[in-house]
Amino acid sequence: MTTIASNLQAVRNMVTAAAIEAGRNPGEVMLLAVSKTFAAGMVREAYHAGQTCFAESYVQEALGKIAALQDLEIEWHYIGPVQSNKTRAIAENFAWVHSVDRLKVAERLSEQRPAHLPPLQVCLQVNISREKTKSGVLPNEASALAHATAKLPGLTLRGLMAVPAPSNDPVAQRRPFAQLRKLRDDLNRQGLELDTLSMGMSHDSPAAIAEGATIVRIGTAIFGARNYGAEK
Ligand SMILES: *Cc1c(COP(=O)(O)O)cnc(C)c1O
């Protein structure tokens, strides 16, 4: 087995073990491989090891990889900050966007989603730890944004995404994930139908799965450490 194939196997085993430990069905947790900064050849390798959903954070870099890998049946997810001038490229090239955090961006993605494609699947990114520098809608503003986004014809609002402040303590890691789940449950009580919690990365996925994650976004544990500067 290649390193990527064996890393993928180890990550799948981790996801399964965390789900069982939490009393959940491992089939409820989707593994999203975060390939930002890694070459198309590494994505191809992971694909041949059985991984079909990949996530990117930089539009220019992603477009090159999507073009290079058009012969594969990959489902592409966008998880980076969404700039207004990049919404068309995102709406045309991705199946999912996890990082919608304002109405203007949601409206542009909806308008620019090509009619021949199914609605763009979106999550709202929530600044769950209320960090000053972090993108994401504030928790108290999420309800208004969710209800407005859910009405847009080119989008299907699927759920919430968060990147909490990092912590190495598994107990502390669970708190913001529990808050995100509670927010999702509150929105569903208000009439929305959100089935997705996109939460958990290489260092905190077991905690996220324990709190109900349905998508974990994992890069480093599959592809190795990122070398920033190579992207874009
Ligand atoms: C890069 C990134 C990840 C993957 O993080 P790892 O620690 O490499 O697993 C997940 N989510 C988002 C939003 C990211 O930008």
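Please refer to the structure placed before this passage.
Thresholds applied
- Residues numbered from 1 in each chain as written.
- Predicted model: local features only at pLDDT ≥ 70, side-chain atom pairs only at ≥ 80, totals over all residues.
- Heavy atoms only, no water.
- Helix = DSSP H or I, 4+ residues; strand = E, 2+ residues; numbered from the N terminus.
- Rg over C-alpha atoms; globule rule 2.2 N^0.38 Å.
- Buried < 20%, exposed > 50% of the residue type's maximum accessible area, 1.4 Å probe, protein only.
- Contact = heavy atoms within 4.5 Å.
- Areas by Shrake-Rupley, 256 points an atom, 1.4 Å probe, with all protein chains shown as cover.
- Lys, Arg positive; Asp, Glu negative; His and termini not counted.
- Charge placed at Lys NZ, Arg CZ, Asp CG, Glu CD.
- Core = buried A, V, L, I, M, F, W, Y, C linked by side-chain atoms within 4.5 Å.
- Near = heavy atom within 4 Å.
- Polar contact = N/O pair within 3.5 Å; in protein donor to acceptor, adjacent residues only side chain to side chain.
- 1 Å grid on protein atoms, 1.4 Å probe; cavity = no way out; pocket = protein on both sides within 12 Å on 5 of 7 lines; lining within 4 Å.
- Sits in = over half its atoms within 2 Å of the grid points.
- Nonpolar A, V, L, I, M, F, W, Y, C, P; charged D, E, K, R; others polar.
- Points joined across faces, edges and corners; volume = space filled by probe spheres on them.

### Regarding the overall build of the chain
Of the regular secondary structure elements, the chain holds nine helices and eight strands. Its C-alpha radius of gyration of 17 Å places the chain within 12% of the 17 Å reference for a compact globule of 232 residues. Dimensions of the chain along its principal axes, counting C-alpha atoms only, are 50 × 40 × 30 Å. For the chain, with 232 residues in total, the buried portion stands at 50%. Look at the contacts in the chain between residues 6 or more apart in sequence, and 59% of them connect residues 24 or more apart. Counting every atom, the chain has about 10,600 Å² of accessible surface; 51% of that belongs to carbon and sulfur. One way to put it: in the chain the 25 positive side-chain charges average out to a point 4 Å from where the 22 negative ones average out.

### Structural notes on the nonpolar core
Ranked by internal contacts, the top residues of the largest apolar core, which has 62 residues, are Phe54 and Ile222. Looking at which element gives the most residues to this core, the answer is helix α1 (residues 3-21), with six residues. Setting aside anything within four residues of it in sequence, one finds Phe54 in contact with Leu32, Ala33, Ser35, Val43, Ala46, Tyr47, Ile74, Glu75, Trp76, His77 and Phe223. Judged by nonpolar contacts, the second largest core, of nine residues, contains Val34, Ala55, Ile79 and Met161.

### Describing the site of the ligand
Every one of the 13 residues lining the ligand counts as a neighbour, but Lys36, Ser202, Arg217, Thr220 and Arg226 are closest to it. Contact between the ligand and Gly219: an oxygen atom at 2.9 Å from a main-chain N or O atom of the residue. When the ligand is considered free in solution it has 390 Å² of accessible area, and contact with the protein chains removes 88% of it. At a threshold of 2 Å from the grid points, most atoms of the ligand map onto the largest pocket. Of the residues that constitute the shell around the ligand, the class distribution is six nonpolar, four polar and three charged.

### Some thoughts on the layout of surface pockets
Of the voids in this model, the largest pocket is the one considered here, and its volume is about 660 Å³. Lining the largest pocket are 29 residues, and of these Lys36, Ser57, Ile79, Gly80 and Pro81 lie nearest its centre. The residue makeup of the lining of the largest pocket, split by class, is twelve nonpolar, eleven polar and six charged. What the second largest pocket holds in volume is close to 230 Å³. Lining the second largest pocket are 15 residues, and of these Ile74, Trp76, Asn93, Phe94 and Ala95 sit closest to its centre. Elements with a minimum of two residues in the lining of the second largest pocket: β3 (75-78) and α4 (87-93). Class assignment of the residues belonging to the lining of the second largest pocket gives a composition of nine nonpolar, two polar and four charged.

### Some points on the environment of Ala49
Looking at the element boundaries, Ala49 is found in the loop between α2 (40-48) and β2 (53-56). Under the relative-accessibility criterion, Ala49 is labelled partly exposed at 23%. Remark: the alpha-carbon pair of Ala49 and Asp185, spanning 136 residues in sequence, is separated by 35 Å. Each residue touching Ala49, except ones within four places of it in the same chain, is listed here: Ala5, Leu8 and Arg12.

Treat this as a map of the structure, not an account of what it does.
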